[in-house]
Amino acid sequence: KYIFIIFAIGIMIFAIIKIKNDEKKNDTQQVQIEEKTEEITKELKLGVASFDSINPILSKNKNIQDISKIIFDSLVTISTDYKAELSLAKEWAKQSDTEYLIKLREDVKWSDGTQFTTDDVTFTIDLLKQIPSIYGSNVQYIIGVDKIDSDTIQITLDHEIPFFEYDLIFPIMSKAYYEGQDFLTTEKNNAPVGTGKYKIVENDNDKIVLNKNDKYTRDNLTLETITITKYASLGELYNAFKLGKIDIVTTNNISVD
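The rules behind these values
- Residues numbered from 1 in each chain as written.
- Predicted model: local features only at pLDDT ≥ 70, side-chain atom pairs only at ≥ 80, totals over all residues.
- Heavy atoms only, no water.
- Helix = DSSP H or I, 4+ residues; strand = E, 2+ residues; numbered from the N terminus.
- Buried < 20%, exposed > 50% of the residue type's maximum accessible area, 1.4 Å probe, protein only.
- Contact = heavy atoms within 4.5 Å.
- Areas by Shrake-Rupley, 256 points an atom, 1.4 Å probe, with all protein chains shown as cover.
- Core = buried A, V, L, I, M, F, W, Y, C linked by side-chain atoms within 4.5 Å.
- Pairing = 2+ DSSP bridges.
- 1 Å grid on protein atoms, 1.4 Å probe; cavity = no way out; pocket = protein on both sides within 12 Å on 5 of 7 lines; lining within 4 Å.
- Points joined across faces, edges and corners; volume = space filled by probe spheres on them.
- Nonpolar A, V, L, I, M, F, W, Y, C, P; charged D, E, K, R; others polar.

Re the overall build of the protein
In step 1: The helix and strand inventory of the protein stands at six helices and eleven strands.
In step 2: For the protein, the proportion of its 257 residues judged to be buried stands at 39%.
In step 3: If you take every contact in the protein between residues at least 6 apart in sequence, the share linking residues at least 24 apart comes to 55%.
In step 4: In the form shown here, the protein has an accessible surface area of approximately 14,900 Å², with 52% of it arising from carbon and sulfur atoms.

Overview of the nonpolar core
Looking at soluble globular proteins, one finds that nonpolar side chains tend to be buried together.
In step 1: Formed by 51 residues in total, the largest nonpolar core has its most connected members in Leu75, Ile155 and Leu210.
In step 2: Once residues lying within four places of it in the same chain are set aside, the contact partners of Leu210 are Ile67, Ile70, Ile71, Tyr198, Lys199, Ile200, Val201, Glu224, Thr225, Ile226 and Ile228.
In step 3: In this structure, Ala49, Tyr231, Leu237 and Ala240 belong to the second largest nonpolar core, which totals five residues.

Description of the pairing of strand β4 (residues 89–94)
In step 1: Here five bridges tie β4 to strand β5 (residues 99–104), and the two strands are oriented antiparallel to one another. Across the sheet, Ala89 pairs through a bridge with Leu104, a residue of β5.
In step 2: Taking the residues between adjacent antiparallel strands as the criterion, β4 and β5 are bridged by four residues.

As for empty space enclosed by the protein
In step 1: Applying the stated criterion to the full structure yields one cavity of 30 Å³ or more.
In step 2: For the largest cavity, the calculated volume is near 40 Å³.
In step 3: Around the largest cavity, the lining residues are Asp107, Val108, Lys109, Thr195, Lys215, Tyr216, Thr217 and Arg218.
In step 4: A per-class count over the lining of the largest cavity returns two nonpolar, two polar and four charged.

Distances and angles like these do not, on their own, reveal function.
Encoded structure:
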């Protein structure tokens, strides 16, 4: 009888301890979930030095080129293991030594709601052949861009270029947005539209503010806002980082992508 009572008491004590441990575990998990939820919705603060232009075709700032990858898309991107991957291009095919057929995605819109088309690709290539740009060499051997149908173009080169698809990494600009404008001087360069994950909602002397692009449907984005503060020098930028005013320093070693 006494053994049974002791055994029963032992079971009760074990059950109480187990319940308390489970409650503690659940409380810990709930706190972690709440902390994680809070973390993924907060604003990300970046910094950039020697800002020139947010337009990636005009900018010569390496940091701006890194940031622009989340605002503007290219036909092809380069992966971390240096492989050419599809972006605005849905597929490509080499028809001959000098001819490439490129099929574009049909589900892409610019951040202002207009449809991305083959005209935007032709417009961008023509621009790069006419104005000074770090992407000028990417298109220097293109002698023709022909529209095959509503979402297919053929690019013709003046001679064979091995792995030409690696040159298709230049950001595509909107023809409709820049129609009738002087591309080099227009104020529209302060906040050009893009097809990327984030859109420019503010660009003043001190900062650039990016919001999640609601027209971008290829990923489920959790970060809502990115604020990029402009600094005159790298010294000011690193000092702001040390003081906790920014979360990430955008340098050649750390980029936004």
